[in-house]
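A closer look at the structure
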Amino acid sequence: MGCVQSFRELCDRPKNTNVRISLPAVCIVWQTAMIILFGVFIRYNEESDTHWIEQRKAKNISSDVENDFYYRYPSFQDVHVMIFVGFGFLMTFLKRYSFGAVGYNFLIASFGLQWALLMQGWFHSLDYSDGKIKIGIENMINADFCVAGCLIAYGAVLGKVSAVQLLVMTLFGITLFAVEEYIILDLIHARDAGGSMVIHTFGAYYGLSISWMLYRPNLNQSDRLQGSVYHSDVFAMIGTLFLWMFWPSFNSAVTDHGDGQHRAALNTYLALASTVLTTVAISSLFQKHGKLDMVHIQNSTLAGGVAVGTAAEFMLMPYGSLIVGFCCGIISTLGYVYLTPFMEKHLKIQDTCGIHNLHAMPGVIGGIVGAITAATATESVYGVEGLRNTFDFDGDFKDTVPTRQGGLQAAALCVAICFGVGGGILVGCILRLPIWGDPADDNCFDDEPYWELPDEEEAIPPILQYNNHMRNKDIVESNFSVEQT
Amino acid sequence: MGCVQSFRELCDRPKNTNVRISLPAVCIVWQTAMIILFGVFIRYNEESDTHWIEQRKAKNISSDVENDFYYRYPSFQDVHVMIFVGFGFLMTFLKRYSFGAVGYNFLIASFGLQWALLMQGWFHSLDYSDGKIKIGIENMINADFCVAGCLIAYGAVLGKVSAVQLLVMTLFGITLFAVEEYIILDLIHARDAGGSMVIHTFGAYYGLSISWMLYRPNLNQSDRLQGSVYHSDVFAMIGTLFLWMFWPSFNSAVTDHGDGQHRAALNTYLALASTVLTTVAISSLFQKHGKLDMVHIQNSTLAGGVAVGTAAEFMLMPYGSLIVGFCCGIISTLGYVYLTPFMEKHLKIQDTCGIHNLHAMPGVIGGIVGAITAATATESVYGVEGLRNTFDFDGDFKDTVPTRQGGLQAAALCVAICFGVGGGILVGCILRLPIWGDPADDNCFDDEPYWELPDEEEAIPPILQYNNHMRNKDIVESNFSVEQT
Amino acid sequence: MGCVQSFRELCDRPKNTNVRISLPAVCIVWQTAMIILFGVFIRYNEESDTHWIEQRKAKNISSDVENDFYYRYPSFQDVHVMIFVGFGFLMTFLKRYSFGAVGYNFLIASFGLQWALLMQGWFHSLDYSDGKIKIGIENMINADFCVAGCLIAYGAVLGKVSAVQLLVMTLFGITLFAVEEYIILDLIHARDAGGSMVIHTFGAYYGLSISWMLYRPNLNQSDRLQGSVYHSDVFAMIGTLFLWMFWPSFNSAVTDHGDGQHRAALNTYLALASTVLTTVAISSLFQKHGKLDMVHIQNSTLAGGVAVGTAAEFMLMPYGSLIVGFCCGIISTLGYVYLTPFMEKHLKIQDTCGIHNLHAMPGVIGGIVGAITAATATESVYGVEGLRNTFDFDGDFKDTVPTRQGGLQAAALCVAICFGVGGGILVGCILRLPIWGDPADDNCFDDEPYWELPDEEEAIPPILQYNNHMRNKDIVESNFSVEQT
């Protein structure tokens, strides 16, 4: 009886996880705010407005196919899949947190993209003639990119925070992202097609800093749940593969039309292929009997895509892409083997998905590769017009030379790290307030406090219930016969 | 022994579910009919025929990229994924009906798209010069759309019908759809880019009427199976997400080239994002402790895409899309909480997937939003040419004005509902005939009568079999030791 | 105690599966070789190089949209999904080999595509002016195609080989493929858009021959694991559906711009739809009670896509595509019912995934259909320019006539079979060397020797552990009470 009672106490205890007021309130109020802000600020841009048909003729554009929609929509859809299926399923690897992984990912991405359209719009797409933000396909892609930064941060705190905390984290994350992106791309004039710095470095340090602020010394109480099961690892591979396959679209989605998109996709394709081989090599080398570890296969195979992000549109050369992928597969896998346990033990950073290995280190490498590639660019390799075009040397920057651009790229990397760490510490403080419904230590990595879970008992098909029944009966009978003797 | 015998009787009893003659016969005969009808009627259209190269030059078309294939193929592939993976996996949530969900969805969609090419072809793509239907990429998209209506209807009867019944339901559903579509789009001249009326309203009322005709008073006998398990809910999220992500392609797939496709995708993207937040809010608000319900997350998050279907190509404005999504998330989730149980209890409509909440109500809302948006369209917002272009005011309809168009849209909505309800009752009568191999009440929601199921016992990995063995042994030994004392 | 000891021996025994040296060594060395070879040989092609902007102007190309990237990138991404998710998940059906299915597929495809870029580049994309291979989007697609051949072969040996063996198999497979492809497409001048001959026939016979060389007479020792469980069959359907849905992109990815791509996609779409119905028919007809078999639904539904590969770009006519699909669904399903057991018993070919039914037979049919369609092509059907364009009758082949082209197609089919069988026997000999870490007979179809597996025991949610505890307690008590009486 004591057992039953203590069991009931266990079930009834986590009252603090009740988000019945806070979660609906935040969702409704914030969504209402979005509607009002969209009503005041956001309109269709030239190419998504019905006036396009007149303007096309006025501007002597020969064909509807010149609408930016046709250049970017296939890439947008791929990026969209990466955000919702890729990130969502990548995090389903935990045995009892798949609902939270996919569901919260869905929620914060849906909020984040709206807020990103506004924040990025104010900085980049504001039409000063009427004070409106004009949006189209490129804004949709950039909003998804912006969301990616916050989803990376989610990876560090996966299973340890409530939906309300995640929404707060996303609100601030998107805001910080938009400012950081404006500084890096517009003020510093760095190039960052695939967002190695802007998205991955920022997002990862933002998440790691928050995780550091929310350190849980007794997290081992939920050790039981901090691992995968066979099927959850297969689910996670869905996320891995859709991220891996569509990464060429991610890195090429907002690059220049024509050769820019073409080259970015090709470089990413190659870097990712190379990463897979070195990840497998290191994973096998550091396990007893050379067995592979699913954690590495699920995560480190993606590091090449992160690291080639900045330089994907440059003349990195096919072999250059392979080298970047080669190094990142090794570094990222070694990170899982050595660095993640070290960080948890000595730096008090609990990084559920290992985003330090998948996004932070490869992101920094990507920034460095970008700086070096930019600094060493020459007219003989790029062509006169190609060089100007690739690095966008016009307007205020028409006198910039490659070496200077390399310096700008390096400066941009520092900005991304500072925003990530600084913003993360700030937001971490806010999230430590005891009002957000976060779970107790022994409720971490568990969907139970936040989701209506199906009754698993019913899952057993009738035939097996019968078998079980028979088997138990056999036991009873065998016992009985034992007793007889 | 009595137990074993009654168990065997249970296994042997559902002889009525034997479809060994009827299913192969229907498949082979109908497929043969398709081949003959395609042989008589269907040919390549101008853009998919080898003569295109000559005609392109004759018509002075500057480039191969003007072939409609390049405008629509990426959207087609996204729609295709929605039909087969989206609808298929959305229905895998039941614990023992995943094979039926994915498999029958696959079967009826494959048949349906062929029949749809013929039916829609006769109405829309008949070349009167030679009496042939000329098909290309747009026909492929429309065939997939047509199939979507029948797959929606499948959602209402999921787990309660046989494959043969589903094929019959699809045959009539496609036929009714093609007539209804012709009346709405060609005779009434309503606009319905994403098919809020034509596809969702029709499909949902068609399915609900059939389910009403096939009412099973003793369905609670299979209550045991009418629910999900943890993993099946994650599988269903694959369906949800692919539907959600690719819905912008669905609503923009057959809209005008250029700004039409661009705007439709943008509006749908925004409406869907908004829906997610209000769905989460209402789901949390109506559960004990604010827990989220996977049924809502899987389904209601999609309502915004349904409701924005008709108006997606209009100047709904970004905030307008958000408002539509906002309302539909609330209404759809409330539908799952209150309306589905009410309908089952009082209206005798058993709606397995809740299509009334996901397709019927949002579809009707979409029709109304479309009518209002059309009625309030002005030249100042659309531009002179834009208005004519968006609402296709030319030919016989060149004198139509927006207010009149609003009335036409409303009339179209009524037609869709009438076809759905009327057709559903008719087809429901046919499906009640006792010749289609439908399952008994206690065999519903179970793959067992229709699929060779793997023997689950084997699933247990050796290490666990050993553990189980040891544990049972422990029990025996502990019993034994109890006895000793 | 004896039981425990023998159990431990069982666990410790398969020392031969230790690949801790060989796997990392092969991955690192081969990847390093790739980097060196890419450095020496591979450069961007005209359209992915920064000089494109200048060359576009020089060549008077009107728009960036004429860059081949925009014609082929959406198809490429679909093909990429087929390779990694399609093939990978199709093979997850085994109950304990999902990690190996998805993971090794990932590994060998990532290596294979790099090696394919080199091999195919030397034959097709070598720029003789500077001795470099110039690559772009079409090379990426062709590399994925080349990989597909090796992944097909993997299907035959699934679960019976080590990762090192697979890498060796891929190295030789890609090499053979490139030579075979060069002979068929360039020397014989056969057309094979979707690779019925080049990819499927070659890949299947390559895999079957290897499987024949690696025949394991005592494979029944792992019978326990050579089957599916409910969830693994649903995972496999993810693979099936992504292959099925994107097959139109596969067959149209490298066909001519304009009507060529359009027609190839349409023909494939129709053939696949037709196949589903006949597969269901035959599957139901040959099972007791008309039940469907998941093996057939997962595999035979794809046969139409294979068989229409060669002729997809020809004027096969919509009904022709349906007929091809119709026949292949029947033949492929009958193959699973009769031929696979026959081959295992009498020909000593153990074909885990049944690639003979899914790729070999439909591939040969596809070659024959292509030969017939080519031989019967007429100017009245194709148009003068269309005929020349479709069959590429120019340069050295400007005097070729359709009947002769039919003969060339038939010759090409023979080449594909010879390369498959011959290459397979050769590579099979190499793979029989006892140095590759292949599993013992009773370790086949098991991830355990090669992967760190999660501890499944933990998967049981607390509530069930409690239930189990209680249930066992009940048994004990009931036994106890039995004893009391």
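Residues numbered from 1 in each chain as written. Chains lettered and ligands numbered in written order. Predicted model: local features only at pLDDT ≥ 70, side-chain atom pairs only at ≥ 80, totals over all residues. Heavy atoms only, no water.

Topic: the sheet that holds strand β3 (residues 132-135) of chain A
All names here are of chain A. Taken in spatial order, the three strands line up as β1-β3-β2 in an open sheet, and their pairing is mixed. Each edge of the open sheet is held by one strand with a lone partner, namely β1 (42-44) and β2 (126-127). One ladder, built from three bridges, connects β1 with β3; its direction is parallel. Looking at β3, one finds that Arg-43 is bridged to Lys-134. (Pairing = 2+ DSSP bridges. Helix = DSSP H or I, 4+ residues; strand = E, 2+ residues; numbered from the N terminus.)

As for the interface of chain B and chain C
Taken together, the contacts link 89 residues of chain B with 86 residues of chain C. A buried area of about 7,900 Å², summed over both sides, lies between chain B and chain C, and 70% of it is on carbon and sulfur atoms. Of all residues in chain B, B:Tyr44, B:Thr50 and B:Phe106 give up the largest surface area on contact with chain C, accounting jointly for 10% of the area buried on that side. In this structure, the connection of chain B to chain C is made through two salt bridges. Salt-bridge contacts for B:Lys57 lead to C:Glu385; the nearest nitrogen and oxygen are separated by 2.3 Å. For the interface between chain B and chain C, the tally reads 32 residue pairs in polar contact (both at pLDDT 80 or more). Those elements that place two or more of their residues in the side of chain B that touches chain C are α2 (22-41), β1 (42-44), α3 (52-58), α4 (68-90), α5 (98-124), α6 (137-157), α9 (230-252) and α18 (462-484) of chain B. Partitioning the side of chain B that touches chain C into residue classes produces 51 nonpolar, 21 polar and 17 charged. (Contact = heavy atoms within 4.5 Å. Buried area = accessible area lost by both parts, 1.4 Å probe. Salt bridge = Lys/Arg side-chain N within 4 Å of Asp/Glu carboxyl O. Polar contact = N/O pair within 3.5 Å; in protein donor to acceptor, adjacent residues only side chain to side chain. Nonpolar A, V, L, I, M, F, W, Y, C, P; charged D, E, K, R; others polar.)

Some points on the relation of the copies chain C and chain A
You can overlay chain C on chain A at an RMSD of 0.0 Å; the transform is a turn of 120 degrees with a shift of 0.0 Å along its axis. In the structure described here, the two chain copies are related by an operation that fits a three-fold rotation axis. Proximity to the rotation axis, assessed at the C-alpha, singles out C:Pro74 in chain C; its C-alpha lies 3.6 Å from the axis. (Least-squares fit on C-alpha atoms with pLDDT ≥ 70 in both.)

So, the nonpolar core
A:Phe242, B:Phe242 and C:Phe242 are the most contacted members of the largest nonpolar core, which has 474 residues in total. Among all residues touching B:Phe242, those that are not within four sequence positions of it are A:Val81, A:Val85, A:Phe242, B:Val81, B:Met82, B:Val85 and C:Phe242. (Core = buried A, V, L, I, M, F, W, Y, C linked by side-chain atoms within 4.5 Å. Buried < 20%, exposed > 50% of the residue type's maximum accessible area, 1.4 Å probe, protein only.)

Considerations on the relation of the copies chain B and chain C
Rotating chain B by 120 degrees and moving it 0.0 Å along the rotation axis overlays it on chain C with an RMSD of 0.0 Å. Of the residues that chain B buries at the interface, just 13% are likewise interface residues in chain C, meaning the two copies contact each other through different surfaces.

Some details on the sheet that holds strand β2 (residues 126-127) of chain B
All names here are of chain B. As summarised here, the arrangement of the three strands in space is β1-β3-β2, forming an open sheet in which the pairing is mixed. The outermost strands of the open sheet, each flanked by one partner alone, are β1 and β2. As judged from the two bridges shared by β2 and strand β3 (residues 132-135), these two strands associate in the antiparallel manner. Directly across from Asp-127, in β3, lies its bridge partner Lys-132. Contacting β1, β2 and β3, α5 crosses the sheet at an angle of about 105 degrees to β3. (Axes fitted to C-alpha atoms, helices over the stretch in contact; angles between N-to-C directions.)

Overview of helix α8 (residues 196-213) of chain B
Its 18 residues give α8(B) an end-to-end C-alpha distance of 24 Å, which sits within 8% of 26 Å, the value for a rise of 1.5 Å per residue. Burial within α8(B) is extensive, with 17 of its 18 residues counted as buried. (Expected span 1.5 Å × (residues − 1).)

Side note on the side chain of C:Ser196
All names here are of chain C. Note on placement: Ser-196 falls in helix α8 (residues 196-213). In this structure Ser-196 comes out as buried when scored by relative accessible area, which is 0%. Contact partners of Ser-196, with chain neighbours within four places excluded, come to Thr-201, Val-306, Ala-307, Val-308, Gly-309, Thr-310, Gly-363, Gly-366 and Gly-367.

Some remarks on the confidence of the model for chain A
Residue and element names in this part refer to chain A. Overall, the prediction assigns chain A a mean pLDDT of 89, with 91% of residues at 70 or greater. A low-confidence stretch, residues 7-15 (pLDDT under 50), is modelled with six contacts involving residues beyond four sequence positions or located in other chains. Below pLDDT 50 for its whole length, residues 457-485 participates in 38 contacts with residues either more than four positions away or in separate chains. (pLDDT = per-residue confidence, 0-100.)

Points about the side chain of A:Asp144
For A:Asp144, the location among the structural elements is in helix α6 (residues 137-157). Among buried charged residues, A:Asp144 stands out as having no salt bridge; its nearest opposite-charge side chain is A:Arg72, 13 Å away. For A:Asp144, the side chain forms a polar contact with the side chain of B:Tyr269, separated by 3.0 Å. (Lys, Arg positive; Asp, Glu negative; His and termini not counted.)

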